[in-house]
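The residues making up each chain are set out below.
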Amino acid sequence: MTAHQLFQPFRLKSLKLKNRIVMAPMTRSFSPGGIPTPQVAEYYARRAAGEVGLIVSEGTVVNRPASSNDAAIPHFYGEKPLLGWKAVIDQVHAKGGVMAPQLWHMGVVAPKNTSWQPPAPFEGPSGYVAPGKIGGVAMTEQDIADTIRAFAQAAAEARTLGFDAVEIHGAHGYLIDQFFWHPTNQRTDRYGGKTLAERTRFAVELIRAVRQAVGPDFPICLRISQWKLQDFTARLAATPAEMEAWLAPLVQAGVDIFHCSQRRFWEPEFTDSDLNFAGWAKKLTGKATITVGSIGLSGDFLGAFQGEASTPSSLDELLRRFDRGDFDLVAVGRALIADEAWTRKIDEGRSSELRGFSKEALATLA
Ligand SMILES: Cc1cc2nc3c(=O)[nH]c(=O)nc-3n(C[C@H](O)[C@H](O)[C@H](O)COP(=O)(O)O)c2cc1C
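A brief report on the enclosed structure follows. (Residues numbered from 1 in each chain as written. Predicted model: local features only at pLDDT ≥ 70, side-chain atom pairs only at ≥ 80, totals over all residues. Heavy atoms only, no water.)

Let's talk about the overall build of the protein chain
So, step 1. A count of helices and strands for the protein chain gives 12 helices and 14 strands.
So, step 2. Radius of gyration (C-alpha) of the protein chain: 19 Å, near the 21 Å computed for a compact globule of 366 residues.
So, step 3. Summarising its shape, the C-alpha atoms of the protein chain cover approximately 55 × 50 × 45 Å along the three principal directions.
So, step 4. By the burial criterion, 58% of the 366 residues in the protein chain qualify as buried. (Helix = DSSP H or I, 4+ residues; strand = E, 2+ residues; numbered from the N terminus. Rg over C-alpha atoms; globule rule 2.2 N^0.38 Å. Buried < 20%, exposed > 50% of the residue type's maximum accessible area, 1.4 Å probe, protein only.)

Here it is as structure tokens:
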């Protein structure tokens, strides 16, 4: 197996990557009190030493009282967490790596456990955690303005700390996606509406504020998905036209890269074409895209959480799409948890040495 095409450099604004492999953002919950520990820095530095082109951090939450449901998820605000992140980026750079934090607000979510609760109720566009199910409060216009400011502040901190880009988590049924999705966004003000394009306003204002905070040359990546943790079959855009109406204002607002989350990258997004989600995003916007979902592994990550083990699989179909120009970068999740040297092994064609993934790998920060 050779994958030489993935080992071409990539440039976008101030971002310079040595190859096309991205470490996908993966929550690890090893940051007690929201503070990344020295072990977290070492974990990312090992992936940098393993030749990953761009590391996207686990989701790290912005400064809102209920942006997280887990006390061990890192904060991206406050003196101690930011010092922790400074150690992360310095160690990643020391190993020749490039990194973006994934800025996150969970929105209305179920509590993770009963022993720790955030100091305020979960907040979202309308208080819905899932269709028809209230799990928090509806945000006021002031809450919305403060949340947008919190994302912009975090993005500015990322740049000041020396990170190379930022990723905004707009996927998987969390806050930004709760605005996109009609069942969780029932607002009747300017942040709601019958069309997906109308429900994109919150994200547009947020991206605009982030752009203002980081300046014109600092890359902004937005992670999006059709599927949600609340409903794996949910779809925001049913047609390419709807998808274009969704993404075009986000491009206008300042998105440079769309990180298009699928569970299985080979699944076509619409009928009559085999283009996947990232392929369509690139075709419709002309922007750079990242594909993701079961790259190099036999089973998807939800199966993995249910205990299915995944074994290494061929990259042929990925490379066919990459060679066709469907996407610019490819994000790898579980394979990089299982093996910090995954990228180097792919580069050197050492396929017999690749490792599978089983969920026991999540128990430690190896
Ligand atoms: C343990 C774990 C934690 C994850 N946490 C996040 C997260 O914080 N933010 C996010 O956008 N996606 C998260 N994801 C999804 C991954 O980024 C990725 O899209 C998914 O695992 C599919 O890639 P894979 O098949 O290569 O693992 C997580 C996945 C796993 C396995």
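The structure having been displayed, the exposition proceeds.
Regarding the sheet that holds strand 3 (residues 21-23)
So, step 1. If you trace the 8 strands once around the closed barrel, you get 3-4-5-10-11-12-13-14, paired in parallel fashion. Here the strands of the sheet are splayed against their neighbours by 25° on average, with no regard to which way each runs.
So, step 2. Against the sheet, helix 6 (residues 201-214) engages strand 10 (166-169) and strand 11 (220-225), with an angle of about 160° to strand 11.
So, step 3. Its contacts with the sheet put helix 7 (residues 240-253) on strand 11 and strand 12 (257-261), and the angle it makes with strand 11 is roughly 165°. (Pairing = 2+ DSSP bridges. Axes fitted to C-alpha atoms, helices over the stretch in contact; angles between N-to-C directions. Contact = heavy atoms within 4.5 Å.)

Details of unusual backbone geometry
So, step 1. For His172, which is not glycine, the phi dihedral falls at a positive 60°.
So, step 2. Mapped onto the elements of the fold, His172 is located in the loop between strand 10 and helix 4 (175-180).
So, step 3. Assessed through its relative accessible area of 10%, His172 is described here as buried.
So, step 4. At Ser294, a position not held by glycine, the phi torsion is positive, near 65°.
So, step 5. Within the element layout of this structure, Ser294 appears in the loop between strand 13 (288-292) and helix 9 (301-305).

As for the nonpolar core
So, step 1. Counting 90 residues, the largest nonpolar core has Tyr44, Ile168, Met243, Trp246, Leu250 and Trp342 as the members making the most contacts within it.
So, step 2. The element that contributes the greatest number of residues to this core is helix 3 (residues 141-161), accounting for 8 residues. (Core = buried A, V, L, I, M, F, W, Y, C linked by side-chain atoms within 4.5 Å.)

Here we look at the pattern of salt bridges
So, step 1. Per the counting criterion, the structure on display carries 30 salt bridges.
So, step 2. As a salt-bridge pair, Asp256 and Arg211 come within 2.7 Å of each other at their nearest N and O atoms. Of this pair, Asp256 sits in the loop between helix 7 and strand 12 while Arg211 is found in helix 6, placing the two residues 45 residues apart along the sequence. Each member of the pair, Asp256 as well as Arg211, carries the same accessibility label: buried.
So, step 3. Note that Glu353 is salt-bridged to Arg350, the shortest N-O span being 2.9 Å.
So, step 4. We classify Glu353 as partly exposed; its relative accessible area is 38%.
So, step 5. Exposure remark for Arg350: the relative accessible area of 27% places this residue in the partly exposed category. (Salt bridge = Lys/Arg side-chain N within 4 Å of Asp/Glu carboxyl O.)

A short note on the site of the ligand
So, step 1. Taken together, 18 residues sit near the ligand, with Pro25, Thr27, Arg223, Ser294 and Arg334 positioned nearest.
So, step 2. Note that an oxygen atom of the ligand is positioned 3.3 Å from one of the backbone N or O atoms of Gly59.
So, step 3. In this structure, Ser294 approaches the ligand through a main-chain N or O atom, which is 2.7 Å from an oxygen atom.
So, step 4. When the free accessible area of the ligand is taken as 600 Å², the share hidden by the protein chains comes to 95%. (Near = heavy atom within 4 Å. Polar contact = N/O pair within 3.5 Å; in protein donor to acceptor, adjacent residues only side chain to side chain. Areas by Shrake-Rupley, 256 points an atom, 1.4 Å probe, with all protein chains shown as cover.)

Some details on helix 10 (residues 316-323)
So, step 1. Of all the positions in helix 10, only Leu318, Leu319, Arg321 and Phe322 are classed as buried. Down the axis of helix 10, the buried set is contained in an arc of 165°. They therefore lie on one face. Summarising the geometry of helix 10, the exposed residues directed more than 90 degrees from the buried face are Asp316 and Asp323.
So, step 2. Residues of helix 10 that are buried in the fold lie against strand 13 and strand 14 (329-332).
So, step 3. Looking one or two residues past helix 10, Gly325 carries a phi angle of roughly 90°, positive in sign. (Arc of directions from axis to C-beta.)

A look at the pairing of strand 13
So, step 1. Counting buried positions along strand 13 gives 5 out of 5 residues, so the element sits mostly inside the fold.
So, step 2. Residues Ala288, Ile290 and Val292 line one face of strand 13 and the alternating positions Thr289 and Thr291 line the opposite face, and both faces are buried.
So, step 3. Judged from the 5 bridges that link them, strand 12 and strand 13 form a sheet pairing that is parallel. If you follow Cys260 over to strand 13, its bridge partner there is Thr291.
So, step 4. Crossover handedness for the path strand 12 to helix 8 (residues 277-285) to strand 13: right-handed. (Right-handed = clockwise from strand over helix to strand, strands pointing away.)

Details of the state of the cysteines
So, step 1. In the structure shown here, the tally under the stated rule is 0 disulfides.
So, step 2. Its sulfur unpaired, Cys260 is 8.5 Å from the next cysteine sulfur, which belongs to Cys221. (Disulfide = S-S within 2.5 Å.)

Quick look at helix 3
So, step 1. Taking 1.5 Å per residue as the helical rise, helix 3 with its 21 residues ought to reach 30 Å, and the 30 Å between its terminal C-alpha atoms agrees with that figure.
So, step 2. Contacts from the buried residues of helix 3 go to helix 2 (79-94), strand 5 (99-104), strand 6 (123-124), strand 10, helix 4 and helix 6.
So, step 3. Of the residues one or two after helix 3, Gly162 is the one with positive phi, at around 110°. (Expected span 1.5 Å × (residues − 1).)

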